[in-house]
Amino acid sequence: MHSFGYRANALLTFALTILALICAMASFSDNLNSLSPSANVQVLNINWFQKSSQGNDEVSLTLNVSANLQSLFTWNTKQVFVFLAAEYETPKNSLNQVSLWDGIIPAKEYAQFGIHTTNKYHFDDQASLSSRNAVFLYFLSSFLGFISSFTFVQGSNLRGREYNLTLHWHVMPKTGKMFADKLVMSGFRFPEEYR
Amino acid sequence: MDWQGQKQAEQLLQILLLAFAAAAFATGYALGSFKTMVLTYASGVIVTTLITVPNWPFFNRRPLKWLDPIEAEKHPKPLPQQIAAK
């Protein structure tokens, strides 16, 4: 404590260390939160179910997603990222996941919602991609369909397939640890034939 | 600052920052507002800076007592010993 600069430096470093400490305490306080999220998804209509230009099965769904995620918000929550994924099993892969819709919930008052939408992203059965082709795909993904048909193994797995719709959420904090969880809703099935 | 004042300033620094941090966390958690916590703590840091960093007079109330010049002459400084060349 011999000079102005010495004291200023000591104060600054100690203040920053204490700030890190209270942020860690704030993040830890998220563990004390009791969670009670609820969600429900209905497939209102299968709009069409065809082979896409790449040769993979592709389906368009109209969904009704309703959920109450208000209990996930704490004082340390910046936003909640939520997405709906369709999950199914094929002979080749035990788990295939396709993200159909996502959204960002910025505050607690928006966390109880119901949306009526078609799937935001294409629902293609692309999962039969071998690892060798996956690297090839990365460099050729900007090319047109006739080239990508050489990189994908044709995915024709969706007819008659049972699938789950799982709502995933990531609770993003203002400081500290991010929590993620999901709710699985099963009992959905594709039609036997294209339409 | 004199020596006692420096020690006082350091102690004040640590205690004030810890106290403001505890108060900031308590109010932020109770009000459910992260912003409140950060603002309370930031104002605490500024207050602590104003109290402990500048060279206030009350930190200099116990100056060292230097000897008077005559007193110093009575106790001459010892001469350095002759050291053999290495």
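Residues numbered from 1 in each chain as written. Chains lettered and ligands numbered in written order. Predicted model: local features only at pLDDT ≥ 70, side-chain atom pairs only at ≥ 80, totals over all residues. Heavy atoms only, no water.

## Observations concerning helix α1 (residues 3-31) of chain B
Consideration 1: Compared with the 42 Å implied by 1.5 Å per residue over 29 residues, the 42 Å span of α1 of chain B between its first and last C-alpha is a close match.
Consideration 2: The inward-facing, buried residues of α1 of chain B contact α1 (4-28) of chain A together with α2 (34-52) of chain B.
Consideration 3: Two to three positions downstream of the cap, the backbone nitrogen of Gln-4 of chain B sits 3.2 Å from a side-chain oxygen, assigning the N-cap of α1 of chain B to Asp-2 of chain B.
Consideration 4: One or two residues past the end of α1 of chain B sits Gly-32 of chain B, with phi positive at roughly 70 degrees. (Helix = DSSP H or I, 4+ residues; strand = E, 2+ residues; numbered from the N terminus. Expected span 1.5 Å × (residues − 1). Contact = heavy atoms within 4.5 Å. Polar contact = N/O pair within 3.5 Å; in protein donor to acceptor, adjacent residues only side chain to side chain.)

## Overview of the interface of chain A and chain B
Consideration 1: Facing the 20 residues of chain A at the interface are 25 residues of chain B.
Consideration 2: Taken over both partners, the interface formed by chain A and chain B buries close to 2,000 Å², and the fraction arising from carbon and sulfur atoms is 82%.
Consideration 3: Joining chain A to chain B, the criterion identifies zero salt bridges.
Consideration 4: Linking chain A with chain B are three residue pairs in polar contact (both at pLDDT 80 or more), by the criterion used here.
Consideration 5: A breakdown of the residues in the side of chain A that touches chain B according to their chemical character gives 14 nonpolar, four polar and two charged. (Buried area = accessible area lost by both parts, 1.4 Å probe. Salt bridge = Lys/Arg side-chain N within 4 Å of Asp/Glu carboxyl O. Nonpolar A, V, L, I, M, F, W, Y, C, P; charged D, E, K, R; others polar.)

## Details of the confidence of the model for chain B
Residue and element names in this part refer to chain B.
Consideration 1: Of the residues in chain B, 94% have a pLDDT of 70 or more, and the chain-wide mean is 87.
Consideration 2: When mean pLDDT is compared element by element in chain B, α2 scores highest at 94, while helix α3 (residues 69-74) scores lowest at 73.
Consideration 3: Among the prediction metrics, the complex's ipTM stands at 0.77, with pTM recorded as 0.75. (pLDDT = per-residue confidence, 0-100.)

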